[in-house]
Amino acid sequence: MKKLLMGMIFLVGLTSCSRPPQIQYYDLELVLSRGERSTALPLVVQPFEAGPMLDQEKFLYRTSPYELRTDPYRRWTMSPPALLTEQARRFFKESSRMEVLSRLPADRRAYELRATVYNFEEIAIPDRQRTGRVTIWFELYDAAAKKVVLSEIIEKAAPITGGSAEAIVEALRAAAQAVFEELAALMKAKVESDRSAE
């Protein structure tokens, strides 16, 4: 009986010492710079879409070209599609790229930006440089003309320097920033082309 009691005390002590790691939450903040307004055309950024693996808060990492895993203890403050939607709205509004609206206006021409997120992940394949990869398919819809005027898949990657979660976040931030910068240039060129054709 004494041995049984000692064994139970040992097990209770062992389980109380081995607590699971605490869940950590991370946000994404693009570097925004105010510049000259590139176009006066209004833009409505629709909520980004994604597949089931990306439509949750856990960090994703790829250990081979075919295998994706989730990190149960490192999470985003919201799912990557929602996070990128908010960052896109801030990017175009605060960088003065376009006039960002919550809905399409009835009295003037406007564009609608639709997007599907394909990748928002850490690439952690053995014997390769660890990177953060962001891939998004964008469609720019001209509400007045009732047609898609731009359709582009943009993919960017940035190296992960260090082993911390912050290093992963920084790489994904840099990759997302590069995606939005390229999209802004494409949209600006499209708008200017449309104007010159009128």
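Located above this text is the structure these notes cover.
Owing to the predicted nature of the structure, the values given are computational and were not obtained by experimental measurement.

Asker: Quick one: what's the story with the pattern of salt bridges, residue by residue and with numbers?
Answerer: Oppositely charged side chains can form a pair if their charged atoms are brought close together. Tallied over the entire structure, the rule returns 13 salt bridges. Across the salt bridge formed by R108 and E99, the nearest N and O atoms sit 3.1 Å from each other. Each of E29, R90 and E94 takes part in one network of salt bridges that share partners.

Asker: How would you summarise the pairing of strand β2 (residues 42–45) if you had to cite specific residues and measurements?
Answerer: A regular strand places its side chains on the two faces of the sheet in alternate fashion. Judged by which residues are buried, β2 turns out to be covered on both faces: P42 and V44 on one side and L43 and V45 on the other are all buried. Where β2 and strand β6 (residues 99–101) come together, three bridges link them in parallel fashion. Directly across from P42, in β6, lies its bridge partner E99. Note that β2 and strand β7 (residues 111–123) share three bridges and pair parallel. When the bridges of β7 are listed, L43 appears paired with Y111.

Basis of the calculations
- Residues numbered from 1 in each chain as written.
- Predicted model: local features only at pLDDT ≥ 70, side-chain atom pairs only at ≥ 80, totals over all residues.
- Heavy atoms only, no water.
- Salt bridge = Lys/Arg side-chain N within 4 Å of Asp/Glu carboxyl O.
- Buried < 20%, exposed > 50% of the residue type's maximum accessible area, 1.4 Å probe, protein only.
- Helix = DSSP H or I, 4+ residues; strand = E, 2+ residues; numbered from the N terminus.
- Pairing = 2+ DSSP bridges.

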